[in-house]
Amino acid sequence: MWYVIEARDAENSLPRRQANRPAHIARLQALLDEGRLLVAGACPNIDNVDPGPAGFSGSVIIAEFDSLDAAKAWAQADPFVAAGVYAQVEVRPFRKALP
């Protein structure tokens, strides 16, 4: 089943986000390589693809896992969680309708 992982960044997390991005992206790439990643991306704090020092408010990932518990465990093991980039992470089932 698909699960949406919605994370909210902690205050002033941009330096930690930048430092831990390679490890974060590597985990997403692994999901993509396994055919389990629908979409992933960051939410800029301003209306701009590259927010610069304004940073990001969080991230959204939609990926396939065997269970809600597996999705939650994967989300909690993210380098952004360990580094304190994310202040809050919510995981919930997602039913894709389109396309």
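Residues numbered from 1 in each chain as written. Predicted model: local features only at pLDDT ≥ 70, side-chain atom pairs only at ≥ 80, totals over all residues. Heavy atoms only, no water.

For the rest of this paragraph, the subject is the layout of surface pockets. Empty space among the atoms becomes visible once a probe the size of a water molecule is rolled across them. Each pocket or cavity is described by its volume, and for the largest pocket that value is around 240 Å³. Along its surface, the largest pocket is lined by 14 residues, and R17, R21, H24, I25 and A42 are the ones closest to its centre. The element that contributes the greatest number of residues to the lining of the largest pocket is helix α1 (residues 14-33), accounting for six residues. Looking at the lining of the largest pocket residue by residue, the classes come out as eight nonpolar, four polar and two charged. (1 Å grid on protein atoms, 1.4 Å probe; cavity = no way out; pocket = protein on both sides within 12 Å on 5 of 7 lines; lining within 4 Å. Points joined across faces, edges and corners; volume = space filled by probe spheres on them. Helix = DSSP H or I, 4+ residues; strand = E, 2+ residues; numbered from the N terminus. Nonpolar A, V, L, I, M, F, W, Y, C, P; charged D, E, K, R; others polar.)

Attention shifts here to the environment of N45. Relative to the helices and strands, N45 is located in the loop between β2 (37-44) and β3 (56-64). Using a relative accessible area of 44% as the deciding quantity, one classes N45 as partly exposed. C-alpha separation for the pair N45 and Q88, spaced 43 residues apart in sequence, amounts to 16 Å. Not counting chain neighbours up to four residues away, the residues in contact with N45 comprise P51, A54, G55, F56 and S57. Within the structure, N45 has its side chain in polar contact with the backbone oxygen of F56 (distance 3.3 Å). (Buried < 20%, exposed > 50% of the residue type's maximum accessible area, 1.4 Å probe, protein only. Contact = heavy atoms within 4.5 Å. Polar contact = N/O pair within 3.5 Å; in protein donor to acceptor, adjacent residues only side chain to side chain.)

The next subject is α1. Over its 20 residues, α1 extends 27 Å from the first C-alpha to the last, a length consistent with the 28 Å expected when each residue adds 1.5 Å. Looking at α1, one finds that the buried residues are L14, R17, H24, R27, L28 and L31. Buried-residue contacts for α1 involve β1 (2-9), β2, β3, α2 (68-76), α3 (79-82) and β4 (86-94). Directly after α1, the chain includes G35, whose backbone phi takes a positive value near 75 degrees. (Expected span 1.5 Å × (residues − 1).)

Further remarks concern the nonpolar core. Counting residues in hydrophobic clusters, the biggest one holds twelve residues: Y3, I5, L28, L31, L37, I61, A63, F65, A71, W74, A75 and V91. Every element with two or more residues in this core is listed here: β1, α1, β3 and α2. Ignoring anything within four residues of it in the chain, the contact list for I61 reads Y3, V4, I5, H24, L28, L37, V39, A40 and W74. (Core = buried A, V, L, I, M, F, W, Y, C linked by side-chain atoms within 4.5 Å.)

Here the focus is the packing of aromatic side chains. Under the defined criterion, the tally for this structure stands at three aromatic pairs. Between F80 and Y86 the ring centres are 5.4 Å apart and the planes differ by 85 degrees, which places this aromatic pair in the edge-to-face class. In terms of burial, F80 and Y86 fall into one category: buried. Each residue in the set Y3, F65 and W74 is aromatic and connected to the rest through ring pairs, giving one cluster. (Phe/Tyr/Trp six-rings, centres within 6.5 Å; stacked < 30°, edge-to-face > 60°.)

The next thing to look at is the pattern of salt bridges. This structure, assessed with the given rule, holds six salt bridges. One salt bridge connects R17 with D9, and the closest N-O pair in it is separated by 2.9 Å. Salt bridges sharing common partners tie together E6, R8, E90 and R92. (Salt bridge = Lys/Arg side-chain N within 4 Å of Asp/Glu carboxyl O.)

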